[in-house]
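Examining the three-dimensional arrangement
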Amino acid sequence: MGVAQQSLSQHADHGNFVHEWTSVCQRLQADLGEATFRSWIVPLVITNFGGGLVQIAAPTRFIRDWVASNFLERIRNYWQDLNPTIDTIDLIVRQASAVVSFDVPQASVAAVSEETETEIEGSFISSTLDPRFTFDNFVVGKPNELAYAAALRVAESTTVQFNPLFLYGGVGLGKTHLMHAIAWHIKRCHPERRVIYLSAEKFMYQFIRALRYKDTVAFKEQFRSVDVLMIDDVQFISGKDTTQEEFFHTFNALVDRNHQVIVSADKSPSDLQGMEERLKSRLGWGLVADIHPTTYELRLGILQSKAETLNTQVPKNVLEFLAFKIASNVRELEGALNRIIAHSTLVGREINLEMTQDVLRDLLKANDRRVTIEDIQKRVAEYYSIKISDMQSSRRSQNVARPRQVAMYLSKILTSRSLPDIGRKFGGRDHTTVLHAVRKVEELIASDREFSEDLSILRRTLEV
Ligand SMILES: Nc1ncnc2c1ncn2[C@@H]1O[C@H](COP(=O)(O)OP(=O)(O)OP(=O)(O)O)[C@@H](O)[C@H]1O
């Protein structure tokens, strides 16, 4: 019996849960078939249980999302058949290195002790780093070029050039990705440098624990002896005065010794509410680099890169559609791409616009950019100098029919309306007419450069 197994078996319910999970897995295996079971269920580990809750961790967000939308209900039902006290299955993402797993047939159970939340590897003490968050996987565009350049500079140089480096930006725009990328780079190129990377939340909990166990000397020593201290989401300690005080002293001790400090937050130092003035001011002393909201081009670049990483061919018009429609943040954009790829892999359905709109209906509604079919008809009519009423008319001459087809195509890719809906707005035409128009325009985009350029211009005017 391994160490982790021993520690878990101290839990009174351990035996039952292992037994139950094994039975649930057997039923899933029978239902789903070997290949699906291996792809989606085997990577899962149980990380916590008790009080009616089972917490299951997936190694990546992609697997978590897919399991959540396809198997969660079934896992809960099967579990409740065995143990009616279970009412919640909590699916989380946790890297394999953060958990200790041990042998249970088919799928595994893990014990997460406080030690395993902090990875201690040689001189590198840190929260678990996501292996995908590297500089190589970071797509650079106008909105993030300064933050990227600053992060790379700090990661590459062994002398301190600006202290602290303060990275900030809205939700899901890549702050954590850049922080991890810096840490990975240092870990690879300068393994002798001592780096601590952790969230401000964890900093606070470690500090509270040190206070509780009267261990603050060791706490201070640990943080003040590093070459690089990286604190993610520093806004978390806003309003938490004692933690701020400790962070302030740690920060000063490191900066005074010319050791690098890197901090990320959702706002600029001066906008951090609930943060002491002297800390705000010190946080702004070095280089403050913001990550702006993404542009259409950056979103498209990110999607192309992610599709390549996932080794999947996704049609260009689908990537463009997603880049246009999902402008909120990169995390959501990635989630959307993962969902359609997973759907296609498992159901064997070809990835195209139709299927994308189908699979992502809810998400698309939430992100509706409110370009209406009427806006499109008006803009296209202006562009080709035809009457707007010709969008609905039965005239078939080429100079009217082609713009009408273009408007139908743009309605399909820029709104989430269905083919029959679009047909209705174009003088009550049938959905097959709309489909024909979409195909025709796609053909022309591929074969006629001038036409394709016209269309890009038109599209851009609608996207602003
Ligand atoms: N420029 C980019 N290139 C590639 N991937 C990106 C880029 N920007 C963001 N991402 C991806 O988007 C997701 C969200 O990014 P991340 O977690 O770094 O955001 P964040 O700014 O830290 O968000 P939060 O405010 O929620 O902490 C990650 O999967 C990340 O890899």
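Reading guide: rules and limits
- Residues numbered from 1 in each chain as written.
- Predicted model: local features only at pLDDT ≥ 70, side-chain atom pairs only at ≥ 80, totals over all residues.
- Buried ≥ 20, exposed ≤ 12 C-beta atoms within 10 Å, placed from the backbone.
- Helix = DSSP H or I, 4+ residues; strand = E, 2+ residues; numbered from the N terminus.
- Pairing = 2+ DSSP bridges.
- Right-handed = clockwise from strand over helix to strand, strands pointing away.
- Contact = placed C-beta atoms within 7 Å.
- Expected span 1.5 Å × (residues − 1).
- Arc of directions from axis to C-beta.
- Near = placed C-beta within 6 Å.
- Nonpolar A, V, L, I, M, F, W, Y, C, P; charged D, E, K, R; others polar.

1. Examining the pairing of strand β11 (residues 260-265)
Here β11 lies mainly inside the structure; six of its six residues are buried. Both faces of β11 are covered, namely the face carrying Gln-260, Ile-262 and Ser-264 and the face carrying Val-261, Val-263 and Ala-265. Pairing analysis gives four bridges linking strand β8 (residues 165-169) to β11, with the strands arranged parallel. In the strand pairing of β11, Leu-165 is matched with Ile-262. Two elements, strand β10 (residues 228-232) and β11, share four bridges in a ladder whose sense is parallel. For Ile-231, the partnering residue across the bridge sits in β11 and is Val-263. Note that the unit made of β10, helix α11 (residues 241-256) and β11 has a crossover that is right-handed.

2. Topic: unusual backbone geometry
A cis amide bond links Asn-163 to the next residue, Pro-164, at an omega of 0°. Along the chain, Pro-164 falls in the loop between α7 (145-156) and β8. Non-glycine residue Lys-214 carries a positive phi angle of around 50°. Examined against the element boundaries, Lys-214 turns out to sit in the loop between α9 (200-212) and α10 (216-224). Classification of Lys-214 as exposed rests on a count of 8 C-beta atoms within 10 Å. Even without being a glycine, Asn-311 presents a positive backbone phi close to 60°. Along the polypeptide, Asn-311 turns up in the loop between α13 (296-309) and α14 (316-325). Asn-311 sits in the exposed class, given 7 other C-beta atoms within 10 Å.

3. So, α14
Those residues of α14 that fall on the buried side of the exposure criterion are Val-318, Leu-319, Phe-321, Leu-322, Ala-323 and Lys-325. Looking at the packing, one finds that the buried side of α14 touches α13, α15 (330-347), α16 (353-359), α17 (361-366) and α19 (398-414).

4. Some details on α11
With 16 residues, α11 extends 22 Å from end C-alpha to end C-alpha; this agrees with the ideal 22 Å at 1.5 Å per step. For α11, the full list of buried residues reads Thr-243, Gln-244, Glu-246, Phe-247, Thr-250, Phe-251 and Leu-254. Down the axis, α11 shows its buried residues gathered within 165° of arc, on one side only. In this structure, α11 carries Asp-241, Thr-242 and Asp-256 as exposed residues pointing more than 90 degrees from its buried face. Summarising the contacts, the buried residues of α11 are in contact with α9, α10, β10, β11 and α12 (277-283). Immediately downstream of α11, the backbone of Asn-258 shows phi near 65°, a positive value.

5. Digging into the site of the ligand
Near the ligand, the surroundings consist of 19 residues, among which Gly-174, Lys-175, Thr-176, His-177 and Val-330 are the closest. If you list the elements that add at least two residues to the shell around the ligand, you get α8 (175-189) and α15. Within the shell around the ligand, the residues separate by chemical class into seven nonpolar, seven polar and five charged.

6. Details of the environment of Met-179
Position of Met-179 among the secondary structure elements: in helix α8. In this structure the C-alpha to C-alpha distance between Met-179 and Ser-264, which are 85 residues apart in sequence, comes to 7.8 Å. Ignoring any residue separated from it by four or fewer positions in sequence, one finds Met-179 in contact with Tyr-197, Met-230, Asp-232, Ile-262 and Ser-264.

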